[in-house]
Amino acid sequence: MPLTSPPIFDGHNDLILRLLRGTATPEGVTAGLPDGHIDLPRAQAGGLGGGFFAIYVPSPMGAGLQTEEMSKPSYDMPLPAMIAQPEALKVTLEGAAALEAMQDAGALTICGTVAELETAIHGPKMAAIMHIEGAEAIDPDFEVLHRMHARGLRSLGPVWSRPTIFGHGVPFRFPSTGDIGPGLTDHGKRLVAECNKLNIMIDLSHLNEKGMDDVAAITDAPLVATHSNAYAVSPHARNLTDRQLEMIAQSDGMVGINFASAFLRPDGQMDSDFSLDVMMQHLDHLVKILGEDRVGFGSDFDGALVPRDIGSCAGLPALRAAMTDHGIGAETMEKLCYRNWLRVLRKTWSV
């Protein structure tokens, strides 16, 4: 029998982007889709309890990730240009409406409190946190931030890898650390403080190293990277060095392991043909530094090429089986699958 429990709460997915691009509909997510990584039937089959649903503004065609380039022994892909706030706001509002449409169609429940999450994770629908990946839509006066918070926003990343008025992201570069460029701008430092006031979680994934240092110096909440891996296993700019992991541990924060093949594989290749033993290497390293209470998963479903043995959220039993074979017991399994996310959100949202 496939291992479908405990439920997995996921730090990051890009399903909303599929709706914005017209390759999926809210009704299709509820009834089942012919492709992609997430829909309700596959979530039920694989034991996906829910996760952070990212609202992301894509760069113009041709400026995004290129699988062919990331199949080279080394690569350094240029960062896309900054996106104007009015353009980003239009897409972000469409993304929020798409998430709400999935709720109306019966695919998920948008949650704004840990109590709501605890109920929804074990329910027939997916539990969803509204997350903005890249703060391009946020104005310097934070009127949009407050408006989105009232609409259900509970998590925000100051950057996706391209720059914003708030900070700088890391390029898709291998091998490389994230020590690239300056830290947060003055607007970015104010953004962190405002998110603290509103109890909006700050997501460090995609942010460069100096930007993370700045967040750590300002925030009164745990440091969280929703979908990042261990640089010690895969020396990719998108992964976290031991120094960064130690900062997260000291803040009682958390890291969600990213399923993207290029950020898992030691050779940095965008190739899904590898054993889940590689994911266990990242898990071991993260647990060694962070402890078993500060590690979870952040799949990047519908936004990345994931390991062949998982394939989609219906394949999550393979991940549980790999953890079981790796010697992970029932109590630790529950922590890794969902309880650690509840723990860090309880601390973050009640600061």
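Fair warning: this is a prediction, and the values are worked out from it, not measured in the lab.

Q: An account of the overall build of the protein is requested, with residue identities and associated values reported.
A: A count of helical and extended segments in the protein gives 13 helices and 11 strands. Whereas a compact globule of 351 residues would reach a radius of gyration of roughly 20 Å, the protein reaches 18 Å, a difference of no more than 12%. Projected onto the principal axes, the alpha-carbon positions of the protein cover approximately 55 × 45 × 40 Å. When each of the 351 residues of the protein is scored for burial, the buried share is 61%. Residue pairs at least 24 apart in sequence account for 76% of intrachain contacts in the protein once pairs closer than 6 positions are excluded. Carbon together with sulfur atoms contributes 54% to the accessible area of the protein, which is approximately 12,500 Å² in total.

Q: Can you break down the side chain of E209 residue by residue, with the values?
A: Turning to its location among the elements, E209 is positioned in helix α8 (residues 209–218). The contacts of E209, once residues within four sequence positions are left out, are T177, G178, D179, T241, R243 and Q244.

Q: Explain the environment of R243 residue by residue, including any values.
A: Assignment of secondary structure puts R243 in helix α9 (residues 242–250). Sequence spacing of R243 and I289 is 46 residues, and the spatial spacing of their C-alpha atoms is 9.7 Å. Not counting residues up to four positions away in its chain, the partners in contact with R243 are E209 and D213.

Q: Explain the pairing of strand β2 (residues 48–56) residue by residue, including any values.
A: Of all the nine residues making up β2, nine are buried; the element is thus mostly covered by neighbouring parts of the structure. In terms of strand pairing, strand β1 (residues 8–13) meets β2 through four bridges, oriented parallel. In the sheet register, F9 faces β2, and the bridge partner there is G50. Where β2 and strand β5 (residues 126–133) come together, seven bridges link them in parallel fashion. By the bridge assignment for β5, G50 is matched with A127.

Q: Provide a residue-level description of the nonpolar core, including the pertinent values.
A: M102, L145, L156, M279, L319 and M323 are the most contacted members of the largest nonpolar core, which has 105 residues in total. Apart from residues no more than four positions distant in its own chain, L145 is found in contact with I138, L153, L156, L191, E194, C195, L198 and I200. Ranked by size, the runner-up nonpolar core spans 13 residues in total, among them M70, Y75, F172 and A262.

Q: Any details on the packing of helix α7 (residues 186–198) against α8? Residues and values, ideally.
A: Running from N to C, α7 and α8 point in directions that differ by 45 degrees, and their axes come no closer than 10 Å. One element, α7, and the other, α8, form an angle in the oblique class. As α7 packs across α8, the resulting crossing turns out to be right-handed. The segment α7 lies against α8, with K189, V192, A193 and N196 engaging D214, V215 and I218. The class makeup of the residues in the contact of α7 with α8 is four nonpolar, one polar and two charged.

Q: Could you give an account of the environment of E194, naming the residues involved and the relevant values?
A: When you line up the elements, E194 lands in helix α7. On the accessibility criterion, E194 (15% relative accessible area) is buried. Spatially, the C-alpha atom of E194 lies 9.7 Å from that of T219, the residues being 25 residues apart in sequence. Discounting chain neighbours no more than four positions away, the residues touching E194 are F142, L145 and H146.

Q: Give me the lowdown on the pattern of salt bridges, citing residues and values where you can.
A: The full count for this structure, using the stated rule, is 23 salt bridges. R151 is paired through a salt bridge with E100; the nearest N and O atoms lie 2.8 Å apart. Here the residue R151 occupies a position in helix α6 (residues 143–151), and E100 occupies one in helix α4 (residues 85–104), the gap between them amounting to 51 residues. Judged by its relative accessible area of 33%, R151 falls in the partly exposed class. Here R339 and E334 are joined by a salt bridge, their closest N and O atoms 2.7 Å apart. You can call R339 partly exposed: its relative accessible area is 40%. Within the structure, one salt-bridge network assembled from shared partners comprises D252, R294, R343 and K347.

Q: Which residues make up unusual backbone geometry, and what are the values?
A: The omega angle of the peptide bond from S5 to P6 is 0 degrees, so this bond is cis rather than trans. Tracing the chain through its elements places P6 in the segment before β1. A positive phi angle, close to 60 degrees, is found at N199, a residue other than glycine. Within the element layout of this structure, N199 appears in the loop between α7 and β8 (201–202). Even without glycine at this site, D302 takes up a positive phi of about 65 degrees. Position of D302 relative to the elements: it lies in the loop between β11 (295–297) and α12 (316–325).

About the thresholds
- Residues numbered from 1 in each chain as written.
- Predicted model: local features only at pLDDT ≥ 70, side-chain atom pairs only at ≥ 80, totals over all residues.
- Heavy atoms only, no water.
- Helix = DSSP H or I, 4+ residues; strand = E, 2+ residues; numbered from the N terminus.
- Rg over C-alpha atoms; globule rule 2.2 N^0.38 Å.
- Buried < 20%, exposed > 50% of the residue type's maximum accessible area, 1.4 Å probe, protein only.
- Contact = heavy atoms within 4.5 Å.
- Areas by Shrake-Rupley, 256 points an atom, 1.4 Å probe, with all protein chains shown as cover.
- Pairing = 2+ DSSP bridges.
- Core = buried A, V, L, I, M, F, W, Y, C linked by side-chain atoms within 4.5 Å.
- Axes fitted to C-alpha atoms, helices over the stretch in contact; angles between N-to-C directions.
- Parallel < 35°, antiparallel > 145°, perpendicular 65-115°, else oblique.
- Left-handed = near helix turned anticlockwise from the far one by under 90°.
- Nonpolar A, V, L, I, M, F, W, Y, C, P; charged D, E, K, R; others polar.
- Salt bridge = Lys/Arg side-chain N within 4 Å of Asp/Glu carboxyl O.

That is the geometry; function is a separate question.
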